[in-house]
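Residues per chain are reported as follows:
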Amino acid sequence: MFRHFSTVAGRIRTASVSRAVSTFAARSTASTMSSKIASGSLMVAAVIQAFALNSETMLTSCESLPVYGKPGTNQERTFLAIKPDGVQRGLIGDIITRFEKRGYKLVGLKMVWPTEEMAKSHYADLKKKPFFPGLVKFFSSGPIVCMCWEGKDIIKQGRQMLGETQPLASKPGSIRGDFSIDLGRNICHGSDSPEAAEHELKMWFPEGANDWTKTVDSSVYE
Ligand code: IDP
Ligand code: MG
């Protein structure tokens, strides 16, 4: 039960209410009830519908940017994750610190225990690879830390800070080069293109991110 996104559940609940209300209203209209009862029902339905719509509006009104930001600007965003091995090895703080110290802005953060379905969906582009079943099993074997980072060139810079897919080919100073040895235990994930960032951020942060202003940005950007 802890594996469910509360906001997704909230949205589903809201959507269900909307659907139920529409069905109820349609049925009320088509029924042979007296017009007084029917209009009363419609009024109640309209109030509930307005409430449901308002919940949606409130959910989106604090998101002035799409969750994937604006690629190519200082508000470019990427999806980075600390995989189950990174969590087990106590590297959450170190990894976050690297991006914070570089000057990037953390706009989304949560721990999620992915289901196998979520893992399959996340790595869908690799589904024909022989290592896919093992990858899915491992990715869903424990909680991961999901992050949305924002800043200039973050998609490419994030990949560089992670290192190469193969840890043995990763330079010291990179996360994989400093902390990992084997391919299937390379600690972290990062979107590899703007398209991937959009897809992954929509998937892992359906509730959106936090569009906060970092007051020291004038000391980071000229
Ligand atoms: P990436 O994580 O650097 O983007 P991808 O090619 O997208 O690399 O692969 C996803 C993950 O699958 C890798 O991080 C790695 O953990 C795992 N992986 C990739 N290639 C292999 C392989 O040949 N054998 C086992 N695991 C692999
Ligand atoms: Mg990849």
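Since this is a predicted model, take the numbers as computed values, not measurements.

*Asks:* Honestly, the confidence of the model for the protein in this entry has me stumped. Any pointers?
*Replies:* Caution applies to low-pLDDT parts of the model: their predicted coordinates are not meant to be read in detail. Per-residue pLDDT for the protein has a mean of 82; in total, 72% of the residues score no lower than 70. Highest mean pLDDT in the protein belongs to strand E3 (residues 144–150) (99); lowest belongs to helix H1 (residues 6–30) (37). Ignoring residues within four places in sequence, the model shows residues 1–40, a span with pLDDT below 50, making 37 contacts including any to other chains. Note that pLDDT drops below 50 for residues 42–62; the model gives that stretch 20 contacts with residues more than four away or on any other chain.

*Asks:* For this particular structure, what's the right way to read the site of ligand 1?
*Replies:* If you check the shell around ligand 1, you find Lys 83, Tyr 123, Leu 126, Phe 131, Leu 135, Arg 159, Thr 165, Arg 176, Leu 183, Gly 184 and Asn 186 and nothing else. Note that an oxygen atom of ligand 1 is positioned 2.7 Å from one of the side-chain N or O atoms of Arg 159. In the model, an oxygen atom of ligand 1 is placed 2.8 Å from a nitrogen or oxygen of the Asn 186 side chain. In the complex, 76% of the free accessible area of ligand 1, which totals 530 Å², lies under the protein chains. Of the residues that constitute the shell around ligand 1, the class distribution is five nonpolar, three polar and three charged.

*Asks:* Can you help me understand the packing of aromatic side chains in this one?
*Replies:* For any pair of aromatic rings, geometry is given as the distance between the ring centres together with the angle between the planes. Going through the model one piece at a time under the given rule, you end up with five aromatic pairs. Ring geometry for Phe 79 against Trp 204: centres 5.8 Å apart, planes inclined by 0°, an arrangement best described as stacked. Taken together, the residues Phe 79 in strand E1 (residues 77–82) and Trp 204 in helix H9 (residues 194–204) connect sequence positions 125 residues apart. Taken together, a centroid distance of 6.4 Å and an interplanar angle of 70° make the contact between Phe 79 and Phe 205 edge-to-face. In this pair, Phe 79 sits in strand E1 while Phe 205 sits in the loop between H9 and helix H10 (217–220), placing the two residues 126 residues apart along the sequence. Phe 79 sits in the buried class, given a relative accessible area of 0%. You can call Phe 205 buried: its relative accessible area is 2%.

*Asks:* Looking at this model, I keep getting lost on helix H6 (residues 132–139). Mind explaining?
*Replies:* Within an α-helix, residues lying three or four positions from one another point in the same direction, as the helix has 3.6 residues per turn. Within H6, the full set of buried residues consists of Phe 132, Leu 135, Val 136, Phe 138 and Phe 139. Along the axis of H6, the buried positions cluster into a sector of 165°, meaning they face one direction only. Turned more than 90 degrees from where H6 packs its buried face, Pro 133 and Lys 137 sit exposed. At its buried positions, H6 is contacted by helix H3 (84–88), helix H5 (116–122), E3 and H9.

*Asks:* Sorry, what's going on with the sheet that holds strand E4 (residues 188–190) here?
*Replies:* Strand pairing in a sheet takes place through backbone hydrogen bonds and is either antiparallel or parallel in direction. One open sheet accounts for four strands, arranged E2-E3-E1-E4; its pairing is antiparallel. Edge positions in the sheet fall to strand E2 (105–112) and E4, since each of these pairs with one other strand and no more. The average undirected angle you get between the axes of adjacent strands in this sheet is 15°. Note: E2 against E3, seven bridges, orientation antiparallel. Along E3, the bridge assignment pairs Met 111 with Val 145. Across the sheet, helix H4 (residues 92–102) touches E1, E2 and E3, and the angle it forms with E3 is around 5°.

*Asks:* Would you take a moment to explain the pairing of E1 for this structure?
*Replies:* Counting buried positions along E1 gives six out of six residues, so the element sits mostly inside the fold. Covered by surrounding structure in E1 are Arg 77, Phe 79 and Ala 81 together with Thr 78, Leu 80 and Ile 82, the residues of both alternating faces. In the sheet, E1 pairs with E3 via six bridges, with the strands oriented antiparallel. The partner of Thr 78 across the bridge, within E3, is Trp 149. In terms of strand pairing, E1 meets E4 through three bridges, oriented antiparallel.

Basis of the calculations
- Residues numbered from 1 in each chain as written.
- Chains lettered and ligands numbered in written order.
- Predicted model: local features only at pLDDT ≥ 70, side-chain atom pairs only at ≥ 80, totals over all residues.
- Heavy atoms only, no water.
- pLDDT = per-residue confidence, 0-100.
- Helix = DSSP H or I, 4+ residues; strand = E, 2+ residues; numbered from the N terminus.
- Contact = heavy atoms within 4.5 Å.
- Near = heavy atom within 4 Å.
- Polar contact = N/O pair within 3.5 Å; in protein donor to acceptor, adjacent residues only side chain to side chain.
- Areas by Shrake-Rupley, 256 points an atom, 1.4 Å probe, with all protein chains shown as cover.
- Nonpolar A, V, L, I, M, F, W, Y, C, P; charged D, E, K, R; others polar.
- Phe/Tyr/Trp six-rings, centres within 6.5 Å; stacked < 30°, edge-to-face > 60°.
- Buried < 20%, exposed > 50% of the residue type's maximum accessible area, 1.4 Å probe, protein only.
- Arc of directions from axis to C-beta.
- Pairing = 2+ DSSP bridges.
- Axes fitted to C-alpha atoms, helices over the stretch in contact; angles between N-to-C directions.

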